[in-house]
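Each chain, written out:
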Amino acid sequence: MMHVGSDISTGKDMSAGNDIIALAETDNDRTSRYRFYSRILTPEELPLCDGLTGGELSFSSFVWLMWSIKESVYKYVSRADPGLRFAPLKIPVRGLRICEDHYEGIIRYGGLTMFSRSFLWDKVIMTVVSACEDFSNVRWGMEVIGNPDYTTQSALVRKFALHSLSTDLPGAALRIIKTLDGPPELWDDERSLDIPLSLAHHGPYVAWSYRLPAISSSYRKSAANRAASSHLRRVNLLEITGLNRSCSSCEYSS
Amino acid sequence: MERRAILEELKKVLYPYTENKELLENIDEHTALVKDLKINSANLVDIIIDAEAKYTIEIDFDSAEKIITVGDCINAIAEKIP
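Everything numeric in this text was worked out from a predicted model, so none of it was measured.

About the thresholds
- Residues numbered from 1 in each chain as written.
- Chains lettered and ligands numbered in written order.
- Predicted model: local features only at pLDDT ≥ 70, side-chain atom pairs only at ≥ 80, totals over all residues.
- Helix = DSSP H or I, 4+ residues; strand = E, 2+ residues; numbered from the N terminus.
- Rg over C-alpha atoms; globule rule 2.2 N^0.38 Å.
- Buried ≥ 20, exposed ≤ 12 C-beta atoms within 10 Å, placed from the backbone.
- Contact = placed C-beta atoms within 7 Å.
- Pairing = 2+ DSSP bridges.
- Axes fitted to C-alpha atoms, helices over the stretch in contact; angles between N-to-C directions.
- Nonpolar A, V, L, I, M, F, W, Y, C, P; charged D, E, K, R; others polar.
- Core = buried A, V, L, I, M, F, W, Y, C linked by C-beta atoms within 7 Å.
- pLDDT = per-residue confidence, 0-100.
- Parallel < 35°, antiparallel > 145°, perpendicular 65-115°, else oblique.
- Left-handed = near helix turned anticlockwise from the far one by under 90°.
- Expected span 1.5 Å × (residues − 1).
- Arc of directions from axis to C-beta.

### Let's talk about the overall build of chain B
Move 1: Each helix and strand in chain B was counted, giving five helices and zero strands.
Move 2: The N-to-C order of helical and strand elements in chain B reads α-α-α-α-α.
Move 3: Its C-alpha atoms give chain B a radius of gyration of 11 Å, near enough to 12 Å, the size a compact globule of 82 residues would have.
Move 4: With the C-alpha coordinates aligned to their principal axes, the bounding extent of chain B is approximately 30 × 25 × 20 Å.
Move 5: Taking all 82 residues of chain B together, 26% fall into the buried category.
Move 6: Intrachain contacts of chain B at a sequence separation of at least 6 include 54% that bridge at least 24 residues.

### Notes on the sheet that holds strand β8 (residues 184–188) of chain A
Strand pairing in a sheet relies on backbone hydrogen bonds. The paired strands run either parallel or antiparallel.
Residues and elements named next belong to chain A.
Move 1: Strand order in the open sheet formed by three strands is β7-β8-β9, and the pairing between neighbours is antiparallel. Edge positions in the open sheet fall to β7 (174–178) and β9 (191–192), since each of these has one partner strand only.
Move 2: Packing against the sheet, helix α6 (residues 150–168) makes contact with β7 and β8, and its axis sits at approximately 140° to β7.

### Remarks on the interface of chain B and chain A
Move 1: In this assembly, 13 residues from chain B lie in contact with 15 residues from chain A.
Move 2: Contributing elements (two or more residues each) for the side of chain B that touches chain A: α3 (44–55) and α4 (61–65) of chain B.
Move 3: Split by residue class, the side of chain B that touches chain A holds seven nonpolar, two polar and four charged.

### Things to note about the nonpolar core
Move 1: Counting 70 residues, the largest nonpolar core has V73(A) and A207(A) as the members making the most contacts within it.
Move 2: For this core, the element with the most residues is helix α5 (residues 59–78) of chain A, which contributes 11 residues.

### A closer look at the environment of I48(B)
Move 1: One can find I48(B) in helix α3.
Move 2: Here I48(B) falls in the buried class, since 23 other C-beta atoms lie within 10 Å of it.
Move 3: Sequence separation of I48(B) and D62(B) is 14 residues, and the distance between their C-alpha atoms is 12 Å.
Move 4: Filtering out sequence-adjacent residues up to four positions away, I48(B) remains in contact with R39(A), I59(B) and A64(B).

### Focus on the sheet that holds strand β6 (residues 138–144) of chain A
Residue and element names in this part refer to chain A.
Move 1: Read from one edge to the other, the open sheet built from three strands follows the order β6-β11-β10, with strand pairing classed as antiparallel. In this open sheet, the two edge strands, each paired with only one partner strand, are β6 and β10 (197–202). Ignoring which end each strand starts from, the neighbouring axes of this sheet average 10° apart.
Move 2: Looking at chain direction, β6 and strand β11 (residues 205–211) are connected through seven bridges and run antiparallel. Across the sheet, the residue bridging to E143 is V206, located in β11.
Move 3: Its contacts with the sheet place α6 against β6, β10 and β11, and it is angled at close to 40° to β11.

### Focus: the environment of C73(B)
Move 1: Inspection of the secondary structure assignment puts C73(B) in helix α5 (residues 70–78).
Move 2: Setting aside anything within four residues of it in sequence, one finds C73(B) in contact with L10(B), A51(B) and I67(B).

### Quick notes on unusual backbone geometry
Move 1: Phi is positive for F135(A), which is not a glycine, with a value near 55°.
Move 2: Checked against the element boundaries, F135(A) lands in the loop between β5 (124–130) and β6.
Move 3: Taking the number of C-beta atoms within 10 Å as the measure of exposure, F135(A) has 22 and is therefore buried.
Move 4: Even without glycine at this site, T56(B) takes up a positive phi of about 50°.

### Overview of the confidence of the model for chain B
Move 1: Averaged over every residue, the pLDDT of chain B is 93; residues scoring 70 or more account for 100%.
Move 2: Here the prediction assigns the complex a pTM of 0.84, and the interface score ipTM is 0.89.

### Quick word on the packing of helix α1 (residues 3–14) of chain B against α3(B)
Residues and elements named next belong to chain B.
Move 1: Interhelical geometry of α1 versus α3 gives an angle of 130° and a closest axis separation of 10 Å. Relative to α3, the element α1 lies oblique. In the packing of α1 onto α3, the handedness of the crossing is right-handed. Across the interface between the two elements, E9, V13 and L14 of α1 pack against I47, D50, A51 and K54 of α3.
Move 2: When its residues are assigned to classes, the contact of α1 with α3 shows four nonpolar, no polar and three charged.

### A short note on α6(A)
Residue and element names in this part refer to chain A.
Move 1: Taking 1.5 Å of rise per residue, 19 residues should cover 27 Å, and α6 covers 27 Å from first to last C-alpha, within 8% of that figure.
Move 2: Those residues of α6 that fall on the buried side of the exposure criterion are Q153, V157, A161, L165 and D168. Within α6, the buried residues cover an arc of 95° as seen down the axis, which keeps them to one side. Exposed residues lying more than 90 degrees from the buried face of α6 are T151 and T167.

This is the structure:
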């Protein structure tokens, strides 16, 4: 925890966190009851819903949007603190705003400032978090897979994540290892990679998020990371053209 | 109420949220809800509320945060029922 915190405080993104919520798997009536949502939202967070002008967000969707942000933050920080327990009320979302096709949030947790991006379609909410507001080097994706059993969901989210990673790291012999109590780890053949990965599935949806490494001299030595460096240069060009945009004109609701 | 009896009743609470019913039948106090039973974390609040309704109790936030295993669930229930 301290290790991650000290790195985040210097602006370096050290982990990955995401979540996905299949709204059809939730109960609107139950979610809207105080007994339910008061276990997820603090009184200070309730006004954030009113501040989201211009959106079509129901209260129950707002509750699950907030849940997905908090769960994503929990996944992010628990990488360095595997014993941490998920306590939504202790992960305060300080601001939330609509930004073009997604929602952006600010979270302050344990002295850290983190940022979230949530994408809400008709039946699904997907969130990713980062310690860098521009989400530079953070990649994410989602797929609809029908409604298979847990084992199949787990296998498919790994398959899709590896496919996405293979475009960033062509030529690498990538595999995902799930440790007993920790987060998934990405390996290239017999070597663990410094690419934190977060996986999620709920109902018919799977989602993944990972952070590509900052370019370092030692990292450039491997074939896989030479490919990553090449990709990062390409990403920088995309950022210049605005494809990886930020929304500085939007105001946070807080 | 004995812990064994609470565990048997808890199986009924967990039933709708557990895909592997055979695994559920063989749970013990060390069984983890998410890691072992593969219950989606989005259902954890449902489980707490269902347990509250079943025993007509109110599980406080601190106790709810400690629920990782079946044994944690039993602790949270046992300390609230007479």
